[in-house]
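Commentary on secondary and tertiary structure
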Amino acid sequence: MTERRSKLLVVAAVWLSFLLVSLVSAPIPAVNEPHYLAMARHWWNPSWCTNDLFLSSFPAHQVFYGMFGCLTLWFDFATVAFLGRAISLAMVAASWTTLASRLQRENLEHSSPRATVLLSAWLFLGLQAIGNLSGEWLIGGFESKVVAYSLVFWSIAALLDRRLLTAAACGGAAISFHPIIGLWHLAAMCFAELVRFDIEHSRWRRWLVATVLLVLVALPGLWPAIELLRASNAGTNVIANYIQVYYRLKHHLNPLDFGVANYARYGALGLAWLCLLYWRRRRTGSRDVRWWMGYIIAAALFAGMGLVAGWGPQPQPANLLSEPHWRMVVLKFYPFRLFDLLLPVAVAIQLPSLFPQRWLWLLGGVGLAWAVIATRVMPPPNQLPSAMRADWRDACRWVAANSPADTVFHTPFEAEAFKWFAQRAEYVNLKDCPQDAAGIVEWNRRLQFITKWSEKSFKDDETYSVEELRELVRQTSVGFAITRTRVRYDADLLYSNNTYKILRLPEPGSESRRRP
């Protein structure tokens, strides 16, 4: 078997493993796929769900939307999600094979190089299924970060081989697809180069060309990100940062919200990596090992910076504009995510150097099996029960078939993938938070309005009266609502199932005909 064919077979095996775990552990639609693909369709067809708050906000990942959004014009969301997973995970599989082969090159006494690439991928799948630090993942749904991380892997492998232009092009493309991931990768690469201390002065022209190339490739995604940061005034930015860090995305950004088990898990994983690194350096001590060590340490330092920024009392809303803002600014740029993903990657790639191949097959097989069954053993905490989810999707399908295409819906806070299944705009959705500062503040205002209106209207008689619903329509311009079947509304009942019902809300000055 030729070397090229052997490598292609390994890439195919890794890809099939990743795709299997993706489809089993994160059934379509995964948690973020409605978020990304709805925005991608709206980017290509602005008339679709034109009055939706999230879709009308600033499109942050424009390279991703431009590259893959056209598929939503030809195929339904589920098909696009599957095609997107197949394409993006093929990129991850190819880049994983390149990176793992490069890092394992000098340390394979007991195993064949192709087998260890596949087994390291299975080990990574098992480690990812055990848990994470700040909610970062790689194998799941289809979104821009999956593409970005594949480019990060290629960039690292190219730089280890001193192919500067390839490393720069891949690093720039990673920034274009996901500016935060790409820029943290760039910072870690610079740190690793300093640790390696192998920049040849005679090659400064190539470094200069590589830098220019990286900037040019990064600009399509970097420029919109800069516009996003500059779009609002300082006061609005401070309020938006607070909402993101301490409310909407606290599970990703606020280290005080991560949980003791997450820290214990990553403490043990970090200790395992240090032991593996010490053992490997004693055997080889190569500059590549030093570079890879510097890269992971850089990611750990970024996470440490996030811990410093997040430690201490939470800012109070009343004093936001007068308190120092640097902590929220640091935390909003996801300082934990590179370390969160790269530490299990590093352990999975280095672990095969310790064991004979027969033990590796056992370890890898356990990792793959756990990745497949983990979500069945430990289902995600915020997942709707299966019967409730079936009723929700049934109601959404009725909406798609029987309501005006340009209407806006009032949906419950547990609304899941409404635009995916119902193809209609929402007044506000807890998951679909805009990414520009003004949009975040407006999203929060709408959530607060709905909460206060609901509590006030429901308080006295546990019924939403015609006048209260007219006030909701006047304030929000919604025309229809989906609510739990047991909640009483003085509005026209259009459809119901065991869990949800669909209502036409009274227009100002109209009379309700039926009280469900």
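Residues numbered from 1 in each chain as written. Predicted model: local features only at pLDDT ≥ 70, side-chain atom pairs only at ≥ 80, totals over all residues. Heavy atoms only, no water.

With respect to the pattern of salt bridges
The final tally for this structure, using the stated rule, is 17 salt bridges. Linking Arg445 and Glu442 is a salt bridge whose minimum nitrogen-to-oxygen distance equals 2.9 Å. Of this pair, Arg445 and Glu442 both sit in helix α19 (residues 437-459), 3 residues apart, which is roughly one turn of that helix. Close ionic contact of Arg446 with Glu442 constitutes a salt bridge, the shortest N to O distance being 2.7 Å. Within this pair, Arg446 and its partner Glu442 are both found in helix α19, separated by 4 residues, close to a single helical turn. Judged by relative accessible area, which is 16%, Arg446 ranks as buried. In this structure Glu442 comes out as partly exposed when scored by relative accessible area, which is 23%. It is possible to trace a salt-bridge network through shared partners that takes in Asp52, Lys419, Glu426 and Asp432. (Salt bridge = Lys/Arg side-chain N within 4 Å of Asp/Glu carboxyl O. Helix = DSSP H or I, 4+ residues; strand = E, 2+ residues; numbered from the N terminus. Buried < 20%, exposed > 50% of the residue type's maximum accessible area, 1.4 Å probe, protein only.)

Focus: helix α9 (residues 204-230)
The end-to-end C-alpha distance of α9 is 34 Å, clearly below the 39 Å that 27 residues give at a rise of 1.5 Å each. When the local axis directions of α9 are compared, the greatest deviation, roughly 65 degrees, occurs at Leu219, which is followed within four positions by the proline Pro220. Looking only at α9, the buried set comprises Ala210, Leu214, Ala218, Gly221, Pro224, Ala225 and Leu228. (Expected span 1.5 Å × (residues − 1). Bend = angle between axes of the 7 residues up to and from the residue.)

So, unusual backbone geometry
Note on backbone geometry: most residues besides glycine have negative phi, and most peptide bonds are trans. Note that the residue after Ile28, namely Pro29, is joined by a cis bond; omega there is 0 degrees. Structurally, Pro29 can be placed in the loop between α1 (3-25) and α2 (33-44). Notably, Ala417 is not glycine yet its phi reads approximately 55 degrees, a positive angle. Considering the arrangement of structural elements, one finds Ala417 in the loop between β1 (408-410) and α18 (418-422). Here Ala417 falls in the buried class, since its relative accessible area comes to 13%. Phi is positive for Gln423, close to 60 degrees, though the residue is something other than glycine. Tracing the sequence through the fold places Gln423 in the loop between α18 and β2 (425-426). With a relative accessible area of 23%, Gln423 lands in the partly exposed category.

What to know about the packing of aromatic side chains
For the structure shown, the criterion picks out 29 aromatic pairs. Taking the centre distance of 6.1 Å and the plane angle of 75 degrees together, the rings of Phe64 and Tyr65 count as edge-to-face. With respect to burial, Phe64 and Tyr65 carry one shared label: buried. Ring-pair connections join several aromatic residues into one group, and the members of that group are Tyr36, Phe64, Tyr65, Phe68 and Phe142. Positioned above the aromatic ring of Trp48, the side-chain terminus of Arg41 is 5.1 Å from the ring centre. (Phe/Tyr/Trp six-rings, centres within 6.5 Å; stacked < 30°, edge-to-face > 60°. Lys NZ or Arg CZ within 6 Å of the ring centre and 35° of its normal.)

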